[in-house]
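A look at the structure
Letter by letter, the chains look like this.
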Amino acid sequence: MYGNDNWINSYLEAILDAGKGAAASAAAAAAAAAPRGDNRPSLLLRERGHFSPARYFVEEVITGYDETDLYKTWLRANAMRSPQERNTRLENMTWRIWNLARKKKEFEKEVANRLLKRRLETERPRLDTTADMSEDLFEGEKGEDAGDPSVAYGDSTTGNTPRISSVDKLYIVLISLHGLVRGENMELGRDSDTGGQVKYVVELAKALSSCPGVYRVDLLTRQILAPNIDRSYSEPVEALASTSFKNFKQERGENSGAYIIRIPFGPKDKYLAKEHLWPFIQEFVDGALSHIVQMSRAIGEEISCGKPVWPAVIHGHYASAGVAAALLSGALNVPMVFTGHFLGKDKLEELLKQGRQTREQINMTYKIMCRIEAEELALDASEIVIASTRQEIEEQWNLYDGFEVILARKLRARVKRGANCFGRYMPRMVIIPPGVEFGHMIHDFDMDGEEDGPSPASEDPSIWSEIMRFFTNPRKPMILAVARPYPEKNITTLVKAFGECRPLRELANLTLIMGNREAISKMHNMSAAVLTSVLTLIDEYDLYGQVAYPKYHKHSEVPDIYRLAVRTKGAFVNVPYFEQFGVTLIEAAMHGLPVIATKNGAPVEIHQVLDNGLLVDPHDQHAIADALYKLLSEKQLWSRCRENGLKNIHQFSWPEHCKNYLSRISTLGPRYPAFASNDQIKAPIKGRRHLTVIAVDSVSKEDLIRIVRNSIEAVRTENLSGSTGFVLSTSLTIAEIHSLLMSAGMVPTDFDAFICNSGSDLYYPSCTGDTPSNSRVTFALDRTYQSHIEYHWGGEGLRKYLVKWASSVVERRGRIEKQVIFEDPEHSSTYCLAFKVVNPNHLPPLKELQKLMRIQSLRCHALYNHGATRLSVIPIHASRSKALRYLSVRWGIELPNVVVLVGETGDSDYEELFGGLHKTVILKGEFNTPANRIHTVRRYPLQDVVALDSSNITGIEGFGTDGMRSALKQLRIQTQ
């Protein structure tokens, strides 16, 4: 290999075909220019000084895989004085490049197969759905409204009458769980979780609370007591200063305004990244439920003559908050709104394209399957999904099982015309661009370019000197980029564009605001790699004196940074590979700063409104450099872009955002908590302070009776006051429960309530008659609970589809097919469709059935029970854990005073019985039936969503009275 540079370059050229499209383009261009018969096109380019194959692979092909160490290898190899040592390094690098190119081809094949599989999985069910509705399609469904977003997504209020009562007294709940959330001096950029979403939700809360008709806005987040985190994040309540809207005055009370409410959940002394919050979501929900109930009643005392003022909406931001909002919406029977911000399926595809991790490794690191399932659940439960652009709806949400643009258009048209949707429902997608706070808006120049900013005597902001100290000539126009150092933000391409364009370097300076950092060595590996690459490029292109990269800045100083760029007549640049939101583009326009933005994502639609700059391909560094040079050198273009931005920016103001927001939610409801109604049920549970819930599924009926007897004895021998009640929570029907108890010689009135049919029915037992001889047990059905769970229940349309589906599930023996699932009317009820399974070994996995239901837009909760010999399909807001929350709120029993007994395995909703503020006792032993893989709807390990090491969970061997009593004492259940 000694001295064999040409061999290395030739080898690199031989594998050039494995590179990106740019490689093919380079080869084609070289072939066109080469003499006939020359079969080495890339060598020709190299000889002309336009192309270096090795450098191309290291800087262009490999960067897609984030192999930043290869770039360092390339630099070190070039620095070697010994040709032999240099060639050895380059040969090693060549083989690594070949391996990555091979991985890229494998990934492309995997992507193609995955897309084909998804198309085949969804195509047939979608056709079935269309066929179900084909006999009475209206004109609006046949295609002439396909381009109208108001029909396609329901993004319109035309013809809709506001249905929220007390429109002038709204209580709105926002939820954003991750990151460091506070109202002032936000630490944006401190970590990957404290970024634009934190700023957005805080400003949204402030803006909404300032709107006419809004009485209170609560932003619910996590309380953090970690020693390395500022104490302000541990305060339970933080009042937010409302945004002042012109010509608005509203009478305020003690509980009015905007507040950050911090709910304790998860480890008290640790700050958790968003990927590690999943096991504690139920704990948050229980704490948030308590707060909302108390606040609704407090507001009612202030403004509604004692009648509770329930939230008009519960709005979840991001996937984890989407799960929490769905559970709270179901518990309170109030509408849910969801904003995804950054969707999991996009993140998964992005990580797979990098080629560094397998799907399993990605899930282990990012809990990505939890995130995707949470987003699907949010689609199931939401009335409205807010997107920032049409592209987000059509290209991102359209990837999910629970949403499809064409079907959404058909269903929306049918709803408008009063036609039958056959039990199907699709959430309404609405486009509301993000708002920005205009409070810091300052025009440093008028339209003629004359300065009207601070007088020469006024003191410049300190951040200005912090930036300008980097520059040899600080008077040159400043190109400003504000982005955290992540690979997807594409900062290195921007630096290359600046460094390789001499006219641009001579014309302007570059300022990179890349969050805050103490030292690169203490940063996250990915961020450290990006920042190291940026510094390496600055050194390679010798950009000292031309590029600023300050270590620190305050959130309050960001407007001053924009002002500095405007004062120098500079430009703002934002060229990530894909931009989901684009708030910084709006902020730049608000300050009169023209922009260069990526053509991928939200900036396209922002540009259509503002027309204040140029769009570029983020992969094309020459296009980026040319656009920047054009904008900064053509003064008339700069002035026109500035003027357009200032003229049109009002469309992205918070008042405009809130107007659109409130007009959408005014069409919702009315839905109110069912426990607010005054029915005549008289139940002993009303006086209880504690509950023992028996929810053991994995045992025989004989063992279940023994567990019931022992649990009652364990509690009642220690409790003489009658303050503890008992609830049996099961998939059995009320008739099966009555028969079981009577056959064992037990009295149903030993229980306060029965949660039946997997949580779709709730009964209270009572005795009629004056004497034991003529007494008769009756069961009172909680009809208000039924009204509570009927949200988008498919009813007869769902039943018909399930019967059709059941007929297709067969056991094949040779040429003989035998149906294995049959409708079971005997065990069905109004809100539980039961099916008998004759051979569980031939059942499809539950997650496949749930996927099919979502593709069909049938919003329901399917589960296997009785050892997979029965399939139950119940409403989306029904389950045994949700019924328990209902009982807690309705009858005033605090969840920390509830203990739930479960087995080692259980029905498909088994995992929902863990977590939360209640206590859980696991009964272990051989009496438990083995778990079955088909039971679960999960695509991820149980420990991803359940904190099995929680102090609220304990286990005992067997189900003896002494063991139960010991477990109750261990959990500190007060039985006196």
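Residues numbered from 1 in each chain as written. Predicted model: local features only at pLDDT ≥ 70, side-chain atom pairs only at ≥ 80, totals over all residues. Heavy atoms only, no water.

1. Focus: the overall build of the chain
Across its full length, the chain carries 32 helices and 28 strands. In the chain, buried positions account for 59% of the 976 residues. For the chain, the share of sequence-separated contacts (at least 6 apart) that also reach a separation of at least 24 residues comes to 73%. Total accessible area computed for the chain in this model is approximately 41300 Å², and 50% of it derives from carbon and sulfur atoms. (Helix = DSSP H or I, 4+ residues; strand = E, 2+ residues; numbered from the N terminus. Buried < 20%, exposed > 50% of the residue type's maximum accessible area, 1.4 Å probe, protein only. Contact = heavy atoms within 4.5 Å. Areas by Shrake-Rupley, 256 points an atom, 1.4 Å probe, with all protein chains shown as cover.)

2. What about the sheet that holds strand β24 (residues 860–865)?
Read across the sheet, 4 strands follow the order β22-β23-β25-β24 without closing on themselves; strand pairing throughout is antiparallel. Pairing within the sheet leaves two strands with one partner each, and these edge strands are β22 (821–823) and β24. Geometrically, the sheet is characterised by an average inter-axis angle of 25 degrees between neighbouring strands, direction not taken into account. Inspection of the sheet shows strand β23 (residues 833–837) paired to strand β25 (residues 870–875) by 4 bridges, in the antiparallel sense. Across the sheet, residue A834 finds its bridge partner in β25, namely S872. Running over the sheet, helix α30 (residues 846–855) touches β24 and β25 and is turned about 160 degrees from β24. (Pairing = 2+ DSSP bridges. Axes fitted to C-alpha atoms, helices over the stretch in contact; angles between N-to-C directions.)

3. Some points on the sheet that holds strand β1 (residues 170–175)
As a general point, the strands of a sheet are linked pairwise by backbone hydrogen bonds and lie either parallel or antiparallel. Pairing is mixed in the open sheet, where 8 strands are placed in the order β3-β4-β2-β1-β5-β6-β7-β8. Only two strands of the sheet have a single partner each, and these edge strands are β3 (237–240) and β8 (428–431). On average, each strand axis in the sheet is tilted by 20 degrees relative to the strand beside it, whichever way the strands run. Across 4 bridges, strand β7 (residues 384–387) lies against β8 in parallel orientation. Opposite V385, over in β8, you have M429 as the bridge partner. Each of β1, β2 (214–222), β3, β4 (257–263) and β5 (313–317) is contacted by helix α8 (residues 196–209), which is oriented at about 160 degrees to β2, the strand it contacts most. Sheet strands touched by helix α10 (residues 319–332): β1, β5 and β6 (336–339). Its angle to β5, the strand with the most contacts, is close to 160 degrees.

4. Concerning the confidence of the model for the chain
Of the residues in the chain, 78% reach a pLDDT of 70 or more, and the chain-wide mean stands at 83. Counting interchain partners and residues more than four positions distant, the pLDDT-below-50 stretch residues 13–51 has 43 contacts. (pLDDT = per-residue confidence, 0-100.)

5. Notes on the packing of helix α26 (residues 701–716) against helix α32 (residues 961–970)
One can describe the packing of α26 onto α32 by two numbers: an axis separation of 9 Å at closest approach and a directional angle of 50 degrees. The orientation of α26 with respect to α32, classified from their angle, is oblique. Remark: the crossing between α26 and α32 carries right-handed chirality. For the pair α26 and α32, the contacting residues are I707, N710, S711, E713, A714 and V715 in the first and T961, M964, R965 and L968 in the second. Looking at side-chain class alone, the contact of α26 with α32 contains 5 nonpolar, 3 polar and 2 charged residues. (Parallel < 35°, antiparallel > 145°, perpendicular 65-115°, else oblique. Left-handed = near helix turned anticlockwise from the far one by under 90°. Nonpolar A, V, L, I, M, F, W, Y, C, P; charged D, E, K, R; others polar.)

6. Side note on the pairing of strand β16 (residues 724–729)
Taken across its 6 residues, β16 has 6 buried, putting it largely inside the fold. In β16, alternate side chains face the same way, and those of T724, F726 and L728 on one face and G725, V727 and S729 on the other are all buried. Where strand β15 (residues 690–694) meets β16, 5 bridges bridge the pair, whose relative direction is parallel. Looking across to β16, one finds that I694 is bridged to L728. As paired strands, β16 and strand β17 (residues 753–756) are joined by 3 bridges and run parallel to one another. Looking across to β17, one finds that V727 is bridged to A753.

7. Digging into the packing of aromatic side chains
Following the criterion strictly, the structure yields 13 aromatic pairs and no others. Seen in terms of ring centroids, F751 and F754 are 5.2 Å apart; in terms of plane orientation they differ by 45 degrees. Their pairing is tilted. Overall, F754 belongs to the buried group, its relative accessible area being 0%. Over the face of the ring belonging to F265 we find R222, whose NZ or CZ atom lies 5.7 Å from the ring centre. Positioned above the aromatic ring of Y400, the side-chain terminus of K345 is 5.1 Å from the ring centre. (Phe/Tyr/Trp six-rings, centres within 6.5 Å; stacked < 30°, edge-to-face > 60°. Lys NZ or Arg CZ within 6 Å of the ring centre and 35° of its normal.)

8. Focus: the side chain of K199
Mapped onto the elements, K199 comes out in helix α8. For K199, a relative accessible area of 13% gives the class buried. Not counting residues within four places of it along the chain, the set of residues in contact with K199 comprises M186, L188, H555 and E587.

9. Focus on the nonpolar core
Counting 130 residues, the largest nonpolar core has I175, F284 and W805 as the members making the most contacts within it. Looking at which element gives the most residues to this core, the answer is α10, with 10 residues. Of the residues that make up this core, three or more belong to each of domain 2 (170–343 + 374–419) and domain 4 (684–792 + 878–975). Setting aside its immediate chain neighbours within four residues, W805 contacts I821, P844, L849, L852 and L871. Judged by nonpolar contacts, the second largest core, of 104 residues, contains A565, V575, A602 and V616. (Core = buried A, V, L, I, M, F, W, Y, C linked by side-chain atoms within 4.5 Å. Domains from an automatic or database assignment.)

10. A closer look at empty space enclosed by the protein
Taken as a whole, this structure holds 13 cavities of 30 Å³ or more when the rule is applied. V323, L377, E911, E912 and Y940 are, among the 34 residues lining the largest cavity, the residues nearest its centre. At the level of secondary structure, the elements contributing two or more residues to the lining of the largest cavity comprise α9 (281–303), α10, α13 (368–381), α30, β24 and α31 (880–891). Broken down by element, the residue count for the lining of the largest cavity peaks at 5 residues, all from α13. Along the lines of polarity and charge, the residues of the lining of the largest cavity split into 17 nonpolar, 7 polar and 10 charged. A domain-level breakdown of the lining of the largest cavity finds at least three residues from each of domain 2 (170–343 + 374–419) and domain 4 (684–792 + 878–975). Approximately 70 Å³ is the volume attributed to the second largest cavity. (1 Å grid on protein atoms, 1.4 Å probe; cavity = no way out; pocket = protein on both sides within 12 Å on 5 of 7 lines; lining within 4 Å. Points joined across faces, edges and corners; volume = space filled by probe spheres on them.)

11. Quick look at α26
Its 16 residues give α26 an end-to-end C-alpha distance of 23 Å, which sits within 8% of 22 Å, the value for a rise of 1.5 Å per residue. In this fold, the buried residues of α26 make contact with β15, β16, α27 (734–743), β26 (898–903), β27 (919–924) and α32. (Expected span 1.5 Å × (residues − 1).)

12. Some remarks on the side chain of S888
Within the secondary structure, S888 is located in helix α31. Classification of S888 as buried rests on a relative accessible area of 9%. From its side chain, S888 meets the backbone oxygen of I893 in a polar contact 2.5 Å long. Those residues in contact with S888 that lie beyond four places of it in its chain are I893, E894 and L895. (Polar contact = N/O pair within 3.5 Å; in protein donor to acceptor, adjacent residues only side chain to side chain.)

13. A closer look at the pattern of salt bridges
Considering all chains together, one arrives at 31 salt bridges under this definition. Across the pair E187 and R190 runs a salt bridge whose closest N-O atoms are separated by 3.0 Å. Judged by relative accessible area, which is 37%, R190 ranks as partly exposed. Among the salt bridges present, the one from E796 reaches R799, with a minimum N-O distance of 2.7 Å. (Salt bridge = Lys/Arg side-chain N within 4 Å of Asp/Glu carboxyl O.)

14. Description of the pairing of strand β9 (residues 478–482)
With 4 of 5 residues buried, β9 lies mostly within the body of the structure. Direction of pairing for β9 relative to strand β10 (residues 509–513): parallel, over a ladder of 5 bridges. Residue pairing in the sheet places M478 in a bridge with N509 of β10. As defined by bridge partners, β9 adjoins strand β12 (residues 571–574) across 2 bridges and the pair is classed as parallel. Residue pairing for β12: I479 is matched across the bridge by A571.

15. Notes on the packing of α9 against α10
Relative orientation of the contacting elements α9 and α10 amounts to 45 degrees, with a least axis distance of 10 Å. Regarding the angle of α9 to α10, the classification is oblique. Considering the relative orientation of α9 and α10, their crossing is right-handed. Contacts between α9 and α10 involve I281, Q282, F284, V285, A288, L289, I292 and V293 from the former and S320, V323, A324, L327, L328, A331 and L332 from the latter. Here the residues of the contact of α9 with α10 are counted per class, giving 13 nonpolar, 2 polar and no charged.

16. Observations regarding the environment of N333
Here N333 shows up in the loop between α10 and β6. Here N333 falls in the buried class, since its relative accessible area comes to 9%. Residues N333 and P311, 22 residues apart in the sequence, show an inter-C-alpha distance of 9.8 Å.

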